[in-house]
Amino acid sequence: MTSQNSRSDALSRIRTAAYWVTTLPVAAEMFKGGMWDLTREPFAVETFDQLGYPRYFLTIQGVCKLPMAAVLLAPGMPRLKEWAYAGSLAVYLGGAASHLANGNPRKFAMPATVLAGFAAASWALRPTARRDPSPNPIGATLRIGRGILHALVSAPPPEAARP
């Protein structure tokens, strides 16, 4: 029985460490990126200009990123954490898609893609106390995304749809 408990304790410690290893980079980027967006750091302005986004999006994104960082690190608030994770995935996947859609080399999309992976891993590894017992928006978002993808793939070509 003792070896079973020690194994369970070891797995719990590993899971907790993995949670923080994936959560801290996401929260740090949300905080630093939010500050860069709000202070119009030249790198952020150049990136938004190159991607064709209006500069006021920097303010919107910065105002959203700062509370997301705080919520991810704070204890409790499971419902807000769900929304912070969903928002972080939208920011990172949207950033990666924007780079690829603008014809940038894949290396420009990689940081956002890696951070999206960290955010998804953090969400999956979060302790029970940080989980919302009700249905999660990320799961619903994934189901909606699969439905849209299925509709796009199975839709007839534009020429066939015309009368």
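Bear in mind that the values here come from a model prediction, so they are computed numbers and not experimental data. (Residues numbered from 1 in each chain as written. Predicted model: local features only at pLDDT ≥ 70, side-chain atom pairs only at ≥ 80, totals over all residues. Heavy atoms only, no water.)

Here's the deal with the overall build of the protein
Helix and strand counts for the protein stand at 7 helices and 0 strands. Reading the protein from its N terminus to its C terminus gives the helix and strand order α-α-α-α-α-α-α. Expressed as a percentage of its 163 residues, the buried residues of the protein come to 27%. Across the protein, every contact between residues at least 6 apart in sequence was considered, and the portion connecting residues at least 24 apart equals 67%. (Helix = DSSP H or I, 4+ residues; strand = E, 2+ residues; numbered from the N terminus. Buried < 20%, exposed > 50% of the residue type's maximum accessible area, 1.4 Å probe, protein only. Contact = heavy atoms within 4.5 Å.)

Points about the nonpolar core
Core analysis: the largest hydrophobic core is formed by 17 residues, its most contacted members being Val26, Met30, Leu72, Ala84 and Tyr92. When residues of this core are traced back to their parent elements, those giving at least two are helix H1 (2-38), helix H3 (56-73), helix H4 (78-101) and helix H5 (106-125). Aside from chain neighbours lying at most four places away, what touches Leu72 is Tyr19, Thr23, Val26, Lys81, Ala84, Tyr85 and Arg130. (Core = buried A, V, L, I, M, F, W, Y, C linked by side-chain atoms within 4.5 Å.)

Re the packing of H3 against H4
It is the contact of H3 with H4, at a shortest axis distance of 9 Å, that shows an interaxial angle of 135°. What the angle tells us is that H3 and H4 run oblique. The interaxial crossing formed by H3 with H4 has left-handed handedness. Contacts from Gln61, Lys65, Met68, Val71 and Leu72 in H3 reach Leu80, Lys81, Ala84, Tyr85, Gly87, Ser88 and Val91 in H4. (Axes fitted to C-alpha atoms, helices over the stretch in contact; angles between N-to-C directions. Parallel < 35°, antiparallel > 145°, perpendicular 65-115°, else oblique. Left-handed = near helix turned anticlockwise from the far one by under 90°.)

Thoughts on the side chain of Glu82
With respect to the secondary-structure elements, Glu82 resides in helix H4. Residue classification places Glu82 among the buried residues on the basis of a relative accessible area of 0%. A polar contact is formed between the side chain of Glu82 and the side chain of Trp123, at a distance of 3.2 Å. (Polar contact = N/O pair within 3.5 Å; in protein donor to acceptor, adjacent residues only side chain to side chain.)

Some details on the pattern of salt bridges
Taken as a whole and assessed by the stated rule, the structure comprises 4 salt bridges. Between Lys65 and Asp37 there is a salt bridge, with its nearest N and O atoms 3.7 Å apart. Placement of Lys65 in helix H3 and of Asp37 in helix H1 is noted, with a sequence separation of 28 residues between them. On the basis of relative accessible area, Lys65 is assigned to the buried category, the value being 4%. Here Asp37 falls in the buried class, since its relative accessible area comes to 4%. The residue Glu82 makes a salt bridge to Arg126 at a minimum N-O spacing of 2.7 Å. Placement of Glu82 in helix H4 and of Arg126 in the loop between H5 and helix H6 (137-154) is noted, with a sequence separation of 44 residues between them. Exposure remark for Arg126: the relative accessible area of 5% places this residue in the buried category. (Salt bridge = Lys/Arg side-chain N within 4 Å of Asp/Glu carboxyl O.)

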